[in-house]
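# Fold and geometry: a report
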Amino acid sequence: MNLGRLPLVVTSRLGSLQTLPIRLTRALRARWLLRDTDSVGAFTQVIRGRPVVHNDGRMSIGRKVRLDCTEAPVALRAGAGATMRIGDRVSINYGTAITAGESVTIGSNVSIGPYCVIADADEATGPDTVAHGPIRIDDDVWLATRVVVMPGTRIGRGSVVTAGTIVSGDIPPGVVVAGSPARVVRRLDGSSDAAVEGHAVTTNTPVEPAPVRSDVELGGWLLSDFTIDSLAMKLAKPGPLPSVQADVSPFGQLLMSLMAVPVGRRDVAVVWTSPEAVSEAFSDLMRGGTTSREALLADVDAFLDLVTTGLGEFRTVLFVTWSAPPWYRGLGLRDGGAGGISWALAVMNGRLMQLAEEAKSLYVLDVQRWLGAVGPSAYNARTWYSGKIPFSDSVFDNAARAIREALAVIHEGSRKLIVVDLDDTMWGGIVGDVGWESLRLGGHDAEGEAFVDFQRALKALCERGVLLAIVSKNDEAVAMTALERHDEMVLRKDDFVSWRINWSDKAGNIAELVEELNLGLQSVVFIDDNPFERARVRDALPEVLVPEWPTDPTMYVAALNAIPALDSAGLSAEDERRTAMYAEERARARTRTTDNLEEWLQQLQITVTVDELGPDNLLRTAQLVNKTNQMNLRTRRLTEDELTAWAAGHGRRTIVFSVADRLGSSGLTGVASVERRGPHAHIVDFVMSCRVMGRSIERAMLAVVADAARSLGADTLVAEPIETAKNRPTLDFFATAGMQPATHSSNGHAGLRYTLDLTNPYRFPDFITLDHRAGLHRSSP
């Protein structure tokens, strides 16, 4: 046989005389570079570069596998006794690391993008910890760029994992997975399956189910001294959180950009800069020089002056804290002292937070949270030198999510009520079975301590104005005995505004409880260790936020703190007293001994205090305007600065109302603004907290507004409510308030209009006492 003609004979059948020699050359090179593996299938190739192979176990690679080492080596590692199997026609891109401490199995026709990490043991903790478990990736799976596959994961056949996703647990076949942590977002065949969509694919990390797409779309600007286009693209993607269509400042023109802000929507500006770009004093330290605290503070003050002036027209400004790559060691062990880089960053960021506290509509985001979540690969020297991108794409993923979460709180409001289960959620054990004395709570027990810390975390949220309630399938007397008598119990009966402890459906109990509190379902977070109960509530009450909950109680505190919807954009005196106010409301209900509503209201001795909008009540007023939905005439949303500027206009009055009675104070619960337009005065805002509904406070407010309109010289008061999905109480009130109804046309749409002849006084409720702090006087009936 003439071996010299073999390539000619075989390749002629393939239609090319050169294909086989090239493949043969690449195959021989691959066999040599992969010689430390146990077996390599035919036609496997290594594209440029060299892979890193450490094999102390069993490692097999199938046919026609492609390892691309163009930009960075592919790393394959199998520990002692471990098994790694890679199937046929698998494509593994550059920078990807696959580590088997026990078992990693990759099926056929799998595509793995650049810089993926597939490891069945957490390298930071080692294979002897809980963070390990075999990995299986079935046939036809596609992993995009920078996917992290955690220990114990199985990815079903034909599924797609999108870029930057961190995935753990079981992923169904034929789905698309996204997020960090991951969740299923849709099926690849286009069908809808509620049991699959929103399915959390990690069992130890809290994941919010996939809610409906947010209807909040904002416009803004990203200001930076480095390339930040990746963040702009991530912010623009539709999803459950507000999306932002943002312009990006030109590279290298930081100060010029502040002086020439582009024309466009000015909802939000994000300022993310390197410290050396804003502080010459910090730059001196980076070059090995010295500086002083005073010089750093002066640089920060000067830059913040430019920011607040240049971005003054933006409704919200988000400022990212400064950081430096970890390879800048500064003074080494003494870097936390004066003259060190760590010290300088602490001085600068401390000053930034101080100034942000004093500014309106400026919020600080902590970059260290994003960097720490990514780990050692957060900074990327290669992309910095090639494209002036200092961070890995995963950092920008974290940044985009944090920014959008912040905007959701600012523009949509935070969740006000946590409804929590009891058994195995607030404490360990079933109280009806083991008795309150034997519950796992506190003591020298890891899980017992974790339950106590979880209660402390709930208590801390309660101190910040978040309400707590209980919905539990239990005997009420037994459960209440546990709350009151267990020595390690942090939360007691008085910490909860209401409860439903019975054997009824939890979804029904939550709906009933929310109606009792005059809240909306969109205000609620439901926490329960039972996946069946979570699924039931999530399906029956889609407006309620039901986070997935870890099975390990030691993860409860982390899970609670991972719910961004519980964040708050500001804390008022009313927020701090909210639980006490609801307790007072329960006491009011108990005092009602008559069916005559007016007689009962007379017994309450209600006082309404009237004041003008001012610095002392501005924060709470803005909260009320922006977060109230049920009693809100036109649902106008304004920042503190916008509210102040509007109120200062000619022919306008903005009045705030505080309510108290013999059982306690409800705080500032009403806002009304009126503007004169010719002979008429129009009610622009009429907002009242749901906490004081049903006490005729709205009639007292309308009487005061009528007096304010009369003081402006108007002869007619006009109210034009805009109907929304949630303000039915507003429409019902004005329909029965004694004003004259009519219709009007605005922008081609017919709407309701109510008018009041101001030559006749509007009747003020006789059982309410009015305290005049705003120079407004009660009309005589």
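Residues numbered from 1 in each chain as written. Predicted model: local features only at pLDDT ≥ 70, side-chain atom pairs only at ≥ 80, totals over all residues. Heavy atoms only, no water.

### Concerning the pattern of salt bridges
Per the counting criterion, the structure on display carries 35 salt bridges. Residue Arg154 pairs with Asp138 through a salt bridge whose shortest N-O separation is 3.1 Å. Highlighted residues: Arg154 in strand β16 (residues 154-155) and Asp138 in the loop between β13 (135-137) and β14 (142-143), separated in sequence by 16 residues. Note that Arg157 is salt-bridged to Asp140, the shortest N-O span being 3.2 Å. (Salt bridge = Lys/Arg side-chain N within 4 Å of Asp/Glu carboxyl O. Helix = DSSP H or I, 4+ residues; strand = E, 2+ residues; numbered from the N terminus.)

### Points about the packing of helix α3 (residues 229-236) against helix α11 (residues 393-412)
Running from N to C, α3 and α11 point in directions that differ by 45°, and their axes come no closer than 9 Å. By the angle class used here, α3 and α11 are oblique. Between α3 and α11 the crossing geometry is right-handed. Seen from α3, the contacting residues are Ser230, Leu231, Lys234 and Leu235; seen from α11, they are Asp393, Phe396, Asp397, Ala399, Ala400, Ile403 and Arg404. Here the contact of α3 with α11 is composed, by residue class, of six nonpolar, one polar and four charged. (Axes fitted to C-alpha atoms, helices over the stretch in contact; angles between N-to-C directions. Parallel < 35°, antiparallel > 145°, perpendicular 65-115°, else oblique. Left-handed = near helix turned anticlockwise from the far one by under 90°. Contact = heavy atoms within 4.5 Å. Nonpolar A, V, L, I, M, F, W, Y, C, P; charged D, E, K, R; others polar.)

### Overview of the sheet that holds strand β22 (residues 217-223)
Strand order in the open sheet formed by five strands is β23-β22-β24-β25-β26, with parallel pairing between adjacent strands. Strands with a single pairing partner mark the edges of an open sheet, and in this sheet they are β23 (243-248) and β26 (362-365). For this sheet the average axis-to-axis angle between neighbouring strands, irrespective of direction, equals 25°. Relative to strand β25 (residues 316-320), strand β24 (residues 268-271) is paired through four bridges, and the arrangement is parallel. Across the sheet, residue Val268 finds its bridge partner in β25, namely Thr316. Packing of helix α7 (residues 293-310) onto the sheet brings it into contact with β24, β25 and β26, and relative to β25 it is tilted by some 150°. (Pairing = 2+ DSSP bridges.)

### Brief notes about the confidence of the model for the protein chain
For the protein chain, per-residue confidence averages 82 on the pLDDT scale, and residues scoring 70 or more make up 85% of the total. Across residues 123-130 the pLDDT falls below 50, and counting only partners more than four positions away or on other chains, this stretch makes four contacts in the model. This model gives residues 777-781 a pLDDT under 50, and the stretch forms 14 contacts once residues within four places in sequence are excluded. (pLDDT = per-residue confidence, 0-100.)

### Describing the sheet that holds strand β6 (residues 75-78)
The parallel open sheet is built from six strands, whose spatial order is β3-β6-β9-β12-β15-β18. Unpaired on one side and paired on the other, β3 (52-55) and β18 (166-167) mark the two borders of the sheet. With two bridges joining them, strand β15 (residues 148-149) and β18 adopt parallel strand pairing. Bridge pairing links Val149 to Val167 in β18.

### Quick look at unusual backbone geometry
Of note in this structure, Phe43 is not a glycine but carries a positive phi near 65°. Relative to the assigned elements, Phe43 resides in the loop between β1 (39-40) and β2 (45-47). You will see that Ser696, though not glycine, has its phi angle at about 65°, which is positive. Mapping Ser696 onto the fold places it in the loop between β34 (680-688) and α23 (697-711).

### Quick notes on the pairing of β25
Within β25, five of the five residues are buried, which leaves the element mostly enclosed by the surrounding structure. Side-chain alternation along β25 places Thr316, Leu318 and Val320 on one buried face and Val317 and Phe319 on a second face that is also buried. Bridge analysis of β25 against β26 gives four bridges, and the strand direction is parallel. Residue pairing in the sheet places Val320 in a bridge with Leu365 of β26. Taken together, β25, helix α8 (residues 341-358) and β26 constitute a β-α-β crossover, and its handedness is right-handed. (Buried < 20%, exposed > 50% of the residue type's maximum accessible area, 1.4 Å probe, protein only. Right-handed = clockwise from strand over helix to strand, strands pointing away.)

### What about the packing of aromatic side chains?
Per the stated rule, a full pass over the model turns up 19 aromatic pairs. Plain terms: the ring middles of Tyr94 and Tyr115 are 5.6 Å apart, the flat faces sit at 85° to each other, and that makes the pair edge-to-face. Here the residue Tyr94 occupies a position in the loop between β8 (91-92) and β9 (97-100), and Tyr115 occupies one in the loop between β11 (111-112) and β12 (117-119), the gap between them amounting to 21 residues. Seen from their ring centres, Phe686 and Phe734 are 5.3 Å apart, and the 75° between their planes marks the pair as edge-to-face. One end of the pair, Phe686, is in strand β34; the other, Phe734, is in helix α24 (residues 728-735), and 48 residues separate them in sequence. Three or more aromatic residues joined by ring pairs form one cluster here, namely Phe226, Trp272, Trp327, Trp370, Tyr379, Phe391 and Phe396. Between the NZ or CZ atom of Arg35 and the centre of the ring of Trp32, over which it lies, the distance is 4.1 Å. Taking the ring centre of Trp384 as reference, the NZ or CZ of Lys388 above it sits at 5.1 Å. (Phe/Tyr/Trp six-rings, centres within 6.5 Å; stacked < 30°, edge-to-face > 60°. Lys NZ or Arg CZ within 6 Å of the ring centre and 35° of its normal.)

### A few points about the nonpolar core
The biggest cluster of nonpolar side chains holds 65 residues, and the ones touching the most others in it are Leu417, Leu702, Leu717 and Phe734. With ten residues, the single largest contributor to this core is α23. Excluding residues that lie within four positions of it along the chain, Leu417 makes contacts with Leu467, Leu468, Ala469, Val497, Leu513, Val514, Leu517, Leu519, Ser523, Val524 and Val525. One finds Ala30, Val53, Val110 and Ala182 within the second-largest nonpolar core, a separate group that totals 41 residues. (Core = buried A, V, L, I, M, F, W, Y, C linked by side-chain atoms within 4.5 Å.)

### Thoughts on the pairing of strand β10 (residues 103-106)
Burial along β10 is two-sided: the residues Ser103 and Thr105 and Val104 and Ile106 are all buried. Judged from the four bridges that link them, strand β7 (residues 83-86) and β10 form a sheet pairing that is parallel. Residue pairing in the sheet places Met84 in a bridge with Val104 of β10. Here three bridges tie β10 to β13, and the two strands are oriented parallel to one another. Each bridged residue has a counterpart across the sheet, and for Val104 the counterpart in β13 is Ile135.

### Things to note about the environment of Asp397
By secondary structure assignment, the location of Asp397 is in helix α11. Dropping the residues within four chain positions of it, Asp397 is found in contact with Ala163, Gly164 and Lys234.

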